[in-house]
Structure formats: structure tokens, C-alpha cells
Amino acid sequence: MVFSDPHYLSPELYQGSPLFLKLVARSDGKIPQQGEAIMMAIRREVQANQPDLIVVTGDLSLNGERKSHEALAEHLRQMRITCPVYVIPGNHDICSSSARQFLPSKIQATESVNASEFRTIYRDFLPAQDPENTHMSYAVEVTDRLLLVMLDVCEHGH
């Protein structure tokens, strides 16, 4: 099973914010307000179909919010009970200056993650890697006939 670009936003970063709903209404078609429902639907699909593995390609978070990564990783841990899960970051996931929290009357910056923190949060879904390397490309031999190659083409900074 593969799913890509979930652009997940933790509900605690926007609940109760009319500003958030206004912004979503004028956005590019992403539906971050449906992130929980989408993740629960994917979890039901995983449970019902029992895939051999799950591949999640970036952008995992809406804009690199630490809380979004932490909440998404918990969803993935629940899926991992069924089968292995592998992730790769996208351009919105690491060192994002666009990470935001939507309060009832204002929008404010919130904490993003660096490459090392990303690795820590998603440690169950990434092979061991050199912590000094900011790129997270990897290959995993899933079976003797299947090699999964995950390419990180982003420049994440430090």
C-alpha cells in the first residue's frame, strides 16, 4: 500500500480557529481539516486488506509542524502492527519556516523539526542512518525479489 502527500496537520494546531477554516477555503485544494478522518480511513483499509508493507512518501506534514509529525507517527505505529511501514520526507517536512498554529483570533509560528528530530520521530519507519547525513535516502530489501528505494531529493539544512 502506498499513500503520498498526506499533508497531515495535528488537530490541536487548528481546532476552534475560524481563521484556519477561512484559510483552507482559499487554499490549493489540500484538506488538512480532514487529516484525522483520512488517517482513520487508511487505518481501516490497512486492517481490512492486510498489506505486505506500507510506503508513505512526503509531504507527511502540512508544513513541518513537530506536533503534526508526532501525531502522524502515532497513526503509523498503529498501522505497523499489521505490516512494516516506511517513510520518506518531502519538501514541507523538515526545517520549515511555514510551520503554523491556528488560534481562534490569530495565526502564530509553531515548532518545526530538523533532520535529526525527524529521524527520531520516525525511527520506527526508517533504517538506521548516519545522524550527520541530512539526506534520508535509503534502500530496503523487502523480499528477495523486492528492493524498496526511497529517494530524498530535498535540501533540509540543519
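Please refer to the structure higher up on the page.
Small disclaimer: the values here were computed from a predicted structure and weren't measured. (Residues numbered from 1 in each chain as written. Predicted model: local features only at pLDDT ≥ 70, side-chain atom pairs only at ≥ 80, totals over all residues. Heavy atoms only, no water.)

### Examining the pairing of strand β7 (residues 146-150)
- Of the strand pairs in this sheet, strand β6 (residues 138-143) and β7 are connected by five bridges, and their pairing is antiparallel. Bridging from a neighbouring strand, Thr143 pairs with Leu146 of β7.
- Hairpin connection, β6 to β7: the antiparallel pair is bridged by two residues. (Pairing = 2+ DSSP bridges. Helix = DSSP H or I, 4+ residues; strand = E, 2+ residues; numbered from the N terminus.)

### A word on helix α3 (residues 66-80)
- Between its terminal C-alpha atoms α3 stretches 21 Å, which fits the 21 Å expected from 15 residues at 1.5 Å a residue.
- Among the residues making up α3, those that are buried are Arg66, Ser68, His69, Leu72, Ala73, His75, Leu76 and Met79.
- Here the buried face of α3 lies against β1 (2-4), α2 (35-49), β2 (54-57), β3 (85-88) and α4 (115-121). (Expected span 1.5 Å × (residues − 1). Buried < 20%, exposed > 50% of the residue type's maximum accessible area, 1.4 Å probe, protein only. Contact = heavy atoms within 4.5 Å.)

### What about unusual backbone geometry?
- Put simply, Gly58 and Asp59 share a cis peptide bond, and its omega is 20 degrees.
- Mapped onto the elements, Asp59 comes out in the loop between β2 and α3.
- Even without glycine at this site, Gln50 takes up a positive phi of about 45 degrees.
- Mapped onto the secondary structure, Gln50 falls in the loop between α2 and β2.
- By relative accessible area, Gln50 is classed as partly exposed at 44%.
- Phi at Cys95 takes a positive value of approximately 50 degrees, unusual for a residue other than glycine.
- Along the polypeptide, Cys95 turns up in the loop between β3 and β4 (100-102).

### Digging into the pattern of salt bridges
- Evaluated as defined, the whole model comprises six salt bridges.
- Between Lys30 and Asp28 there is a salt bridge; the shortest N-O distance is 2.6 Å.
- Arg66 is the partner of Glu117 in a salt bridge, and the nearest nitrogen-oxygen pair spans 2.8 Å. Of the two residues, Glu117 sits in helix α4 while Arg66 sits in helix α3, which places them 51 residues apart along the sequence.
- Judged by relative accessible area, which is 28%, Glu117 ranks as partly exposed.
- Residues joined in a network through salt bridges with shared partners are Arg66, Glu111 and Glu117. (Salt bridge = Lys/Arg side-chain N within 4 Å of Asp/Glu carboxyl O.)

### A closer look at the environment of Cys95
- What makes Cys95 partly exposed here is its relative accessible area of 35%.
- Remark: the alpha-carbon pair of Cys95 and Glu155, spanning 60 residues in sequence, is separated by 9.6 Å.

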